[in-house]
Amino acid sequence: MNDTNDIFNAAFSRQYDASSERLKDISNNLHTLLSLLLRDLPEDAHVLCVGVGTGTEIIRLANQHPGWRFTGIDPSPDMLSVCQEKLELEGLNDRCTLIEGHVIDVPEQDKFDAALCLLVAHFIQHPQRGGIYQHIADRLKPAGQLISAEIAGDMEAPEFDGQLRNWVALQQAYTQRQRDIAEVKAELNQRLLLLPPRQTEALLREAGFASATPFFQSLLIHGWQAIKP
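Residues numbered from 1 in each chain as written. Predicted model: local features only at pLDDT ≥ 70, side-chain atom pairs only at ≥ 80, totals over all residues. Heavy atoms only, no water.

Chemist: Could you give an account of the pattern of salt bridges, with specific residues and numbers?
Modeler: For the structure on display, the rule yields six salt bridges. Asp154 serves as the salt-bridge partner of Arg198, at 3.6 Å between the closest nitrogen and oxygen. Of this pair, Arg198 sits in helix 8 (residues 197-206) while Asp154 sits in the loop between strand 5 (140-151) and helix 6 (160-175), and the two are 44 residues apart along the sequence. Residue Arg179 is joined to Glu187 by a salt bridge in which the shortest nitrogen-to-oxygen separation is 2.9 Å. Overall, the relative accessible area of 12% leaves Arg179 in the buried class. The partly exposed category is assigned to Glu187, whose relative accessible area is 35%. (Salt bridge = Lys/Arg side-chain N within 4 Å of Asp/Glu carboxyl O. Helix = DSSP H or I, 4+ residues; strand = E, 2+ residues; numbered from the N terminus. Buried < 20%, exposed > 50% of the residue type's maximum accessible area, 1.4 Å probe, protein only.)

So, in structure tokens, the structure goes:
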């Protein structure tokens, strides 16, 4: 995985939740479906949160499921610092373990009932995603599930510019700031690697997941539920 600490630095981490608030309608929809997909986990489930960021997913799920435990992994010490503070305020420290690093740094003997990888994979600037899906699969119990969401799209497809115009319109609606489509496309090329959704599904199957079922799309944000055999 590429090093994103230059993006997720202290200043960015402190205002991350506020900036994410503009996408709360999309986020709330995604998290509602997330809870639905995880409904059959055991009462003492152990959940791995990849790219845990400021801990939004942990806090939502921990408050809904008082018996669940969580391990959060993130390469940014600044994001983890904000996450730790929020967990302390929520009284969740005893149920959460935070690790600075990447999935490969999570001990493989720790087997999880489920894993979340939300809006993370598109930062990995490699067509094979650096093996992240394989590393996650290796740490799941049999029949464990991965819920993954990422910004995805075929930037070479003729219809992509139309999709991008809608994406830019969404940003402008929330920020009240005009954005140039060419500028946004250049930013995507510089900071992210968007893969066509079908390629992400192929990578999930190659990592050993028995299925990779789409369950969510909001413009360029796509979500999948992948089940380990």
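Chemist: Account for the pairing of strand 5, naming residues and giving values.
Modeler: Within strand 5, nine of the twelve residues are buried, which leaves it mostly tucked inside the rest of the structure. Judged from the six bridges that link them, strand 4 (residues 112-118) and strand 5 form a sheet pairing that is parallel. From the neighbouring strand, Ala114 faces strand 5, where its bridge partner is Gln145. After leaving strand 4, the chain enters helix 5 (residues 132-138) and then returns to the sheet as strand 5, a path that is right-handed. With seven bridges joining them, strand 5 and strand 7 (residues 221-227) adopt antiparallel strand pairing. Across the sheet, residue Ile147 finds its bridge partner in strand 7, namely Gln225. (Pairing = 2+ DSSP bridges. Right-handed = clockwise from strand over helix to strand, strands pointing away.)

Chemist: Lay out the pairing of strand 1 (residues 46-50) in plain terms, naming residues and giving numbers.
Modeler: Among the five residues of strand 1, five are classified as buried, and the element is accordingly described as predominantly covered. What you see with strand 1 is no split at all: His46, Leu48 and Val50 on one side and Val47 and Cys49 on the other are buried throughout. The pairing of strand 1 with strand 2 (residues 69-74) spans five bridges and is classified as parallel. Counted as the bridge partner of Leu48 is Thr71 from strand 2. As judged from the four bridges shared by strand 1 and strand 4, these two strands associate in the parallel manner. Looking across to strand 4, one finds that Leu48 is bridged to Ala115.

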